[in-house]
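What follows is each chain in one-letter form.
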Amino acid sequence: ISALEHAMEQDPDRPGEKRRTRAQRRADALVDICRYYLTHVDTPATGRNRALAHIGGCVDLDALESRGVSDVVAAVRSDLEHIGSVTTATLKRLTCDAGVHRVLTAGRSQILDVGRSTRTVPTALWRALVARDKHCQAPGCDRPPAWCEAHHIRHWANGGETNLQNLKLLCRRHHRAHHEGAPSG
């Protein structure tokens, strides 16, 4: 049995969830295999590398000054390198446990400020989360922590804190489903 087939068997559609095509299940399995590898690569400095996503945001101060905050939020570019535009739900899912930095500009090219990385779940907090949750917290899902991501129950962008009370383990599929509006637990 191939690694891809095995990964597909380990992530079946569950009752009450939207059915995925075989192609969708294969794509999910490939992403799971790649993420598993990246999160388990030994590194000389730390012994382990969670290989979290890193998101960089660019904000034009001219746009901030000319619009109200709600207008700016709606107009924020959500472009990913090598991919292009993504939905706000996808951006929120990707930044749920990611290093985030900001770049403030005057117009398109004059950089005024580069902020610090924020919202990432540190290793000690990750270990506490794993000890508490043990597996994906979506109903009926038992994917182990190695296949899970830390999910901010109240999103960091909405004032949610990065602490054990505001986190739960969700496998990548249920984490994506949650941020796209489907029930995930």
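Caption draft 1: A look at the overall build of the chain. A count of helices and strands for the chain gives 7 helices and 7 strands. Helices and strands in the chain line up, N terminus first, as α-α-β-α-α-β-β-α-β-β-α-β-β-α. In the chain, which comprises 185 residues, the proportion classed as buried is 33%. The long-range fraction of contacts in the chain, counting pairs at least 24 apart against all pairs at least 6 apart in sequence, stands at 57%.

Caption draft 2: Local environment of the pattern of salt bridges. The full count for this structure, using the stated rule, is 16 salt bridges. For the salt bridge of Arg20 with Asp11, the shortest nitrogen-to-oxygen distance reads 3.4 Å. The same class applies to Arg20 and to Asp11, which are both buried. Where Asp13 meets Arg173, a salt bridge forms, and the shortest distance between an N and an O atom there is 3.8 Å.

Caption draft 3: Region of the structure containing unusual backbone geometry. Notably, Lys134 is not glycine yet its phi reads approximately 70°, a positive angle. Summarising the element assignment, Lys134 is placed in the loop between helix H6 (123–133) and strand S6 (148–152).

Caption draft 4: Spatial organisation of helix H7 (residues 172–179). Taken across its 8 residues, H7 has 7 buried, putting it largely inside the fold. All of the buried residues along H7 are Arg172, Arg173, His174, His175, Arg176, Ala177 and His179. Gly181, located one to two residues past H7, shows a positive phi value of around 100°.

Caption draft 5: Highlighting the pairing of S6. Across the 5 residues of S6, 5 count as buried, placing the element largely inside the fold. Sheet topology note: the S6/strand S7 (residues 167–171) ladder contains 5 bridges and is antiparallel. Looking at the pairing, Glu149 lines up with Leu170 of S7.

Caption draft 6: Looking closely at H6. Buried within H6 are the following residues: Leu125, Trp126, Leu129 and Asp133. End-on, the buried residues of H6 take up no more than an arc of 105°, which puts them together on one face. Away from its buried face by more than 90 degrees, H6 exposes Ala124 and Arg127. For H6, the elements touching its buried residues are S6 and S7.

Caption draft 7: Representation of the environment of Leu170. Secondary-structure assignment places Leu170 in strand S7. Between the C-alpha atoms of Leu170 and Asp133, which are 37 residues apart in sequence, the distance is 9.5 Å.

Caption draft 8: Region of the structure containing the side chain of Arg173. Among the secondary structure elements, Arg173 is positioned in helix H7. Here Arg173 falls in the buried class, since its relative accessible area comes to 6%. Apart from the residues lying within four places of it in its own chain, the contact partners of Arg173 are Asp11, Pro12, Asp13, Arg14, Glu17, Arg20 and Asp28.

Cut-offs applied
Residues numbered from 1 in each chain as written. Predicted model: local features only at pLDDT ≥ 70, side-chain atom pairs only at ≥ 80, totals over all residues. Heavy atoms only, no water. Helix = DSSP H or I, 4+ residues; strand = E, 2+ residues; numbered from the N terminus. Buried < 20%, exposed > 50% of the residue type's maximum accessible area, 1.4 Å probe, protein only. Contact = heavy atoms within 4.5 Å. Salt bridge = Lys/Arg side-chain N within 4 Å of Asp/Glu carboxyl O. Pairing = 2+ DSSP bridges. Arc of directions from axis to C-beta.

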